[in-house]
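Survey of secondary and tertiary structure
Listed below are the residues making up each chain.
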Amino acid sequence: MFFIKIYIRNRRYLMDIIIRMNFVNILECYRMEQDILQILEFNEIRRMLAQLCPSSLSKAKAMDLQPSSEPRIIAEHLQETEEASICLQKEISSPLGEAYDIIPFIDRAEKEMILLAGEFMEISSSLETYQKMHEYFSGERHLRYPILEEKASLILPLDGLLNRIRQVFDDKGDIRDKASMKLSRIRGDIETVKSRIRKSFRQILHDKDTALYLQDAIITQRNGRYVVPVKEEYRYKFDGIVHDRSSTGQTLFMEPMISVRLNNDLIELILAEKQEVMEVLRELTRQIKNNSAVIRKDCHIVSDMEFIFARGQLALAMNGVRATFSAAGILDLKDARHPLIPADRVVPISLTLGKAFKILVITGSNAGGKTIAIKTVGILALMNQSGLFIPAAEGSMMPVYNHIYSIIGDDQSIQYNLSTFSSYITQLVSFLPYVNEKDLVLLDELGAGTDPIEGAMLAQAVTEYLVNKNVNSIITSHFSEMKKLAYELSEVENAFVEFDKETLSPTYHLIIGVAGNSNAFNICRRLGMQESILNRAVGLQQRSPFHNMEMVMNHLNEQRKELEQEKESIRIIRQESDRVKAQLQEEQEEFLLKKNAILSKMREESSDIKRNLRIQAEKIIRDVKKASSLDKDAFMKHVGTTRSAIENMKIPESRSKRGLVANEIKRGDIIYIDTLGSNGKVISVTGKKITVACGVANICVDISHCFAAEQLVKMIPQKISHQKKNVSNLRHEEVSTSVNVIGKTVYEAIPEIDKFLNDCIMAGVSPVQIIHGKGTGSLRKGIHDYLKTLPFITDFRMAEPQNGGAGVTDVYFN
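Predicted model, so just to flag it, every value in this text is computed and none were measured.

Examining the overall build of the chain
Regarding its fold elements, the chain presents 25 helices and 23 strands. Taking all 814 residues of the chain together, 40% fall into the buried category. Taking the contacts inside the chain whose residues are at least 6 apart along the sequence as the reference set, 66% of them involve residues at least 24 apart. Here the chain has roughly 46200 Å² of accessible surface; of this, 53% comes from carbon and sulfur atoms.

Considerations on the nonpolar core
Within the largest apolar cluster, 46 residues are counted, with the highest numbers of intra-cluster contacts made by Ile-362, Met-383, Ile-390 and Ile-404. The leading source of residues in this core is helix α15 (residues 370-384), at eight residues. Counting 41 residues, the second largest nonpolar core, distinct from the first, contains Ala-109, Met-133, Phe-169 and Ile-175.

Some thoughts on the pattern of salt bridges
Overall, the coordinates contain 30 salt bridges when judged by the stated rule. A salt bridge links Arg-108 to Glu-119, with the nearest nitrogen and oxygen atoms 2.4 Å apart. Of this pair, Arg-108 sits in helix α6 (residues 103-110) while Glu-119 sits in helix α7 (residues 117-136), and the two are 11 residues apart along the sequence. Taking the relative accessible area as the measure of exposure, Glu-119 reaches 12% and is therefore buried. A network of salt bridges, in which partner residues are shared, links Glu-91, Glu-140, Arg-141 and Arg-144.

Some remarks on the packing of helix α3 (residues 42-52) against helix α4 (residues 56-63)
Running from N to C, α3 and α4 cross one another at 165°; their axes reach a closest spacing of 8 Å. One finds that α3 runs roughly antiparallel with respect to α4. In the packing of α3 onto α4, the handedness of the crossing is right-handed. Where α3 abuts α4, its residues Arg-46, Arg-47, Leu-49, Ala-50 and Gln-51 lie against Lys-59, Ala-62 and Met-63. Tallied by class, residues from the contact of α3 with α4 come to four nonpolar, one polar and three charged.

Some points on the environment of Lys-755
Tracing the backbone shows Lys-755 in helix α24 (residues 746-763). Exposure remark for Lys-755: the relative accessible area of 42% places this residue in the partly exposed category. Distance from Lys-755 to Asn-612, taken between C-alpha atoms, is 8.8 Å for residues 143 residues apart in sequence.

Digging into the packing of aromatic side chains
To describe a pair of aromatic rings, one takes the distance between the centres and the angle between the planes. Enumeration according to the criterion identifies four aromatic pairs in this entry. Aromatic pair Tyr-136 and Phe-137: ring centres 5.0 Å apart, planes at 80°, arrangement edge-to-face. Taken individually, Tyr-136 and Phe-137 each receive the classification buried, so the pair is uniform in this respect. Arg-222 extends its terminal NZ or CZ atom over the ring of Phe-253, reaching a point 4.1 Å from the ring centre.

Looking at the sheet that holds strand β23 (residues 808-813)
Either a parallel or an antiparallel arrangement is found when strands of a sheet pair, and the pairing is made through backbone hydrogen bonds. Pairing within the open sheet is mixed, and its four strands lie in the order β20-β21-β23-β22. The open sheet has two edge strands with one neighbour each: β20 (738-740) and β22 (793-798). With strand direction ignored, the average angle separating the axes of adjacent strands in the sheet is 20°. Pairing of β22 with β23 involves five bridges; the strand directions are antiparallel. Looking at β23, one finds that Met-798 is bridged to Thr-809. Sitting on the sheet, helix α25 (residues 778-787) touches β21 (768-771), β22 and β23, and the angle it makes with β22 is about 165°.

So, the UniProt feature "binding site: ATP" (unreviewed entry) in the chain
UniProt's entry tags Gly-364, Ser-365, Asn-366, Ala-367, Gly-368, Gly-369, Lys-370 and Thr-371 with the feature "binding site: ATP" (unreviewed entry), counted in the numbering of this structure. Note that Ser-365 resides in the loop between β8 (359-364) and α15. Exposure remark for Ser-365: the relative accessible area of 0% places this residue in the buried category. By secondary structure assignment, the location of Lys-370 is in helix α15. When its relative accessible area of 4% is taken as the criterion, Lys-370 is described as buried. Setting aside chain neighbours within four positions, we find Lys-370 in contact with Ile-362, Thr-363, Gly-364, Ser-365, Glu-445, Thr-476, His-478 and Val-497.

Brief notes about the side chain of Asp-444
In this structure, Asp-444 sits in the loop between β11 (440-443) and α17 (452-468). Salt bridges are absent for the buried Asp-444, whose nearest opposite-charge side chain, Lys-370, sits at 6.3 Å. Among the polar contacts made by the side chain of Asp-444, one reaches the side chain of Thr-476 at a distance of 2.5 Å.

Description of the environment of Val-227
Within the secondary structure layout, Val-227 lies in strand β2 (residues 225-231). Val-227 sits in the buried class, given a relative accessible area of 0%. Note: C-alpha distance between Val-227 and Asn-263 (36 residues apart in sequence) is 9.8 Å. Not counting residues up to four positions away in its chain, the partners in contact with Val-227 are Phe-201, Ile-218, Ile-219, Thr-220, Gln-221, Arg-222, His-243, Phe-253, Met-254 and Glu-255.

Description of the packing of α7 against helix α14 (residues 292-317)
At a minimum axis separation of 10 Å, α7 and α14 run at an interaxial angle of 65°. Read as a crossing pair, α7 and α14 show a hand that is left-handed. Side by side, α7 and α14 meet where Leu-127, Tyr-130 and Met-133 of the first sit next to Ile-295, Asp-298, Cys-299, Val-302 and Met-305 of the second. Of the residues in the contact of α7 with α14, the class split is seven nonpolar, no polar and one charged.

With respect to the environment of Ile-453
Here Ile-453 shows up in helix α17. Distance in space between the C-alpha atoms of Ile-453 and Phe-479 is 8.9 Å, their sequence separation being 26 residues.

Quick word on helix α9 (residues 146-153)
The set of residues buried in α9 consists of Ile-147, Leu-148, Glu-149 and Ala-152. Next to the buried residues of α9 lie α5 (71-90), α7, α8 (141-144) and α14.

A word on the side chain of Asn-43
Of note, Asn-43 is situated in helix α3. Looking at Asn-43, the relative accessible area reads 17%, which means it is buried. Asn-43 has contacts with Leu-37 and Gln-38, leaving out every residue within four places of it along the chain.

Structural notes on the sheet that holds β2
Strand order in this open sheet of four strands is β1-β2-β4-β3, and the pairing throughout is antiparallel. Looking at strand neighbours, the two that pair on one side only are β1 (220-222) and β3 (240-245), the edges of this open sheet. Direction aside, the axes of adjacent strands within the sheet are offset by 55° on average. Examined bridge by bridge, β2 and strand β4 (residues 251-256) share four bridges and lie antiparallel to one another. Counted as the bridge partner of Val-228 is Met-254 from β4. Running over the sheet, helix α13 (residues 260-290) touches β2, β3 and β4 and is turned about 145° from β2.

The rules we used
- Throughout this description, residue numbers start from 1 for each chain and increase along the sequence as written.
- Per-residue local features are limited, in this predicted model, to residues with pLDDT of at least 70; the limit for side-chain atom pairs, both in listing and counting, is 80 or more; totals at the level of whole chains, interfaces and linings are taken over all residues.
- Hydrogens and waters are ignored; side-chain quantities use all the structure's heavy atoms.
- Strands here mean DSSP runs of E at least two residues long; helices mean DSSP runs of H or I at least four residues long; both are numbered from the N terminus.
- Note on exposure labels: buried denotes an accessible area under 20% of the residue type's maximum, exposed denotes more than 50%, and partly exposed covers the range between, all computed with a 1.4 Å probe on protein chains only.
- We call two residues in contact whenever any of their non-hydrogen atoms come within 4.5 Å of each other.
- Under the convention used here, a 1.4 Å probe and the Shrake-Rupley method define accessible areas, while residue burial counts only the protein chains that appear.
- As used here, the term nonpolar core means buried Ala, Val, Leu, Ile, Met, Phe, Trp, Tyr and Cys residues forming a set that is joined through side-chain atoms within 4.5 Å.
- Salt bridges are identified by distance alone: a Lys or Arg side-chain nitrogen within 4 Å of an Asp or Glu carboxyl oxygen.
- Axis lines are fitted to C-alpha atoms, over the contacting stretch for helices. Their N-to-C directions set the angle, which ranges from 0 to 180 degrees.
- Each angle is binned into one of four classes, with values under 35 degrees roughly parallel, values over 145 roughly antiparallel, values of 65 to 115 roughly perpendicular, and all other values oblique.
- The crossing is said to be left-handed when, going from far helix to near helix, the turn is anticlockwise and less than a right angle, and right-handed when the turn is clockwise.
- In this classification, Asp, Glu, Lys and Arg are treated as charged, Ala, Val, Leu, Ile, Met, Phe, Trp, Tyr, Cys and Pro as nonpolar, and every other residue, Gly included, as polar.
- Aromatic pairs are defined between Phe, Tyr and Trp rings, using the six-membered ring for Trp, whenever the two ring centres lie within 6.5 Å; interplanar angles under 30 degrees are classed as stacked, those over 60 as edge-to-face, and all others as tilted.
- For a ring to carry a charge above it, either NZ of a lysine or CZ of an arginine must fall within 6 Å of the ring centroid while also lying within 35 degrees of the normal to the ring plane.
- Between any two strands, at least two bridges found by DSSP are needed for them to pair.
- UniProt positions are given in the numbering used here, feature names are shortened, and annotations may be inferred rather than shown by experiment.
- Counting rule for charge: Lys and Arg are taken as positive, Asp and Glu as negative, and neither His nor the chain ends is counted.
- Between N or O atoms, a polar contact is any pair within 3.5 Å; within protein, one atom must be a potential hydrogen donor and the other a potential acceptor, and residues adjacent in sequence are included only when both atoms are from side chains.

Following this line, the structure appears as structure tokens:
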């Protein structure tokens, strides 16, 4: 870490150190920096990590975890933790497996001490885990987890050794018959001898004469030899050797003479088997020894990986984030939580240090959270510099401190006969001469434990000293002089832990920018102090020169609360406004899409109508040519006029969305407003708001909805009437007065009816008949629905019964 390490190579080098430096102060500084881990409870973080580590080696690494002061090393460790946490979240499987601390087994193997079967099984499981971890980060994972892949690539899988162990042992840890050819042969011979023994014993058990001598017809073992239970009174009649006697003495366990040689052979084979097993284990132990260096290296790499994944698990468990590194020395914690306080009880704090100010003075009531605040900062700094994620919100920023000095809590020294104040000052003077701008100092209740006036002056002097040395510091205090100092020095800022006067209890919220009071009287009242004593204390307080300052601070705190409430109300209103705005914008875009779709469909339908009219007009012109009595010049002029009118019929085009800027629009201009779908005359221009006269109404619109006006084609009524008058001269006999659509569907009948009605209206024929039949009535209904849409039809109704009734519809034109 950033702790002082002294390497003593020889006595002369040691003497140089003692001469050049104050050796006592160095040792005291080293002791304090070691104590900081205990003061800030970093050992608890180590224990939490150790519980997440699967092997004893990785647990040891967790308990030896030390913060670093090297930004490069910290960044590498944080990257390892980040990759591990991502892997644990996103991957289905994990590279971790069943690994053991096999270093003691390797030590024994190097001393040529034969390992036991259980030890070989643990080595086998560990080698399998090493192999799995080596292969885990291949493929696409190589790109997602580059640092972990680089570490895993250093593992050297020992496939040959692992296969040999699997060849020797089965899954239960028993040595296989095929562990060696000799062992396989010996075990085969053992089975053969056992079979012959069982056969000979079966003959004895089934022999009628011998069966009378036996207590039970069973075969058992005594001293490794097969025997049968013989009744004591027949011991001399049964030919065999006694190996044991029952507790009652009524049964003797005797080995028949017929199987003595076979049992002797079996014993020899069993001894040969044990000897061969030892040879197999010795040979396997020798292979472990030959690969001991690789196994040691792999074991340490895997324990490192286990430790990294334990850090990833801790990050997920704490809902932690990776702090952003600040090279400028800025500390900016957002919703930071103390990692040792349960999640359902911890109150997050947010604070900054090293940017607008270098020293933060925290005031407020006792048991209000001041000490927790500085402990939170300290332990999160240690965690960050140990490669751990911190329990805080995204965007939290932390620098790398060379040293962290902290004095927190009552540290009386009985051994050196030191009071609380003396012990505090002893610790303070041990590091004050060495602090600089790259350190962090955390001081709890600076100046307490002595005369209040002298303590306040001492606290102010120490604070000014830290300001002059540009040291990042957080100090808790109850002194009004310290609150006042923050208003005098720009490098110092006030903060306080909030106190709820209604419930007479702290809220543990840290508020930066305002000093708080100690609320001593409120706390005493909550704890049951007599009211008469409190009233006297209040009276004495009012005589104090700092009483007005406390009132001002209370007033400032009340104003801050009101501002915070207003700020929260404005934030809620703004969120709602943004939501409504986004909703309206979405609805507007949807409306424009629908509008464009409708216009596009109308243009298509208009094109079809124009094409049909052109065809019908040409037919009319041909008919007129045949029957017209006009002279040639007048007739041709009339035909030309009719064709021009038809050709000049315009279909609305897609309007250009070229908007107009304010300086282009002048009063009196004619512009097109897309939200109204019509032209209007500009009345006035005010910034981006345009007042337009549309018909009888004046409307104010945004400039984004104003576009260049389009020329509208106007039809000339007299030409149309003249055309109609001429066309009406068509002879009636050339136009049919009825159309028959019986048997057709509505979609098939409508086009034919449409053409029929156009011919009739051009010829001036009225009424006309549509013959559709009665049937189910669906065709009649569809035709009637269509007739309702035609503006040139005056009326339509079913024909008289004698003319077809419900099967015929009479249609009347204007």
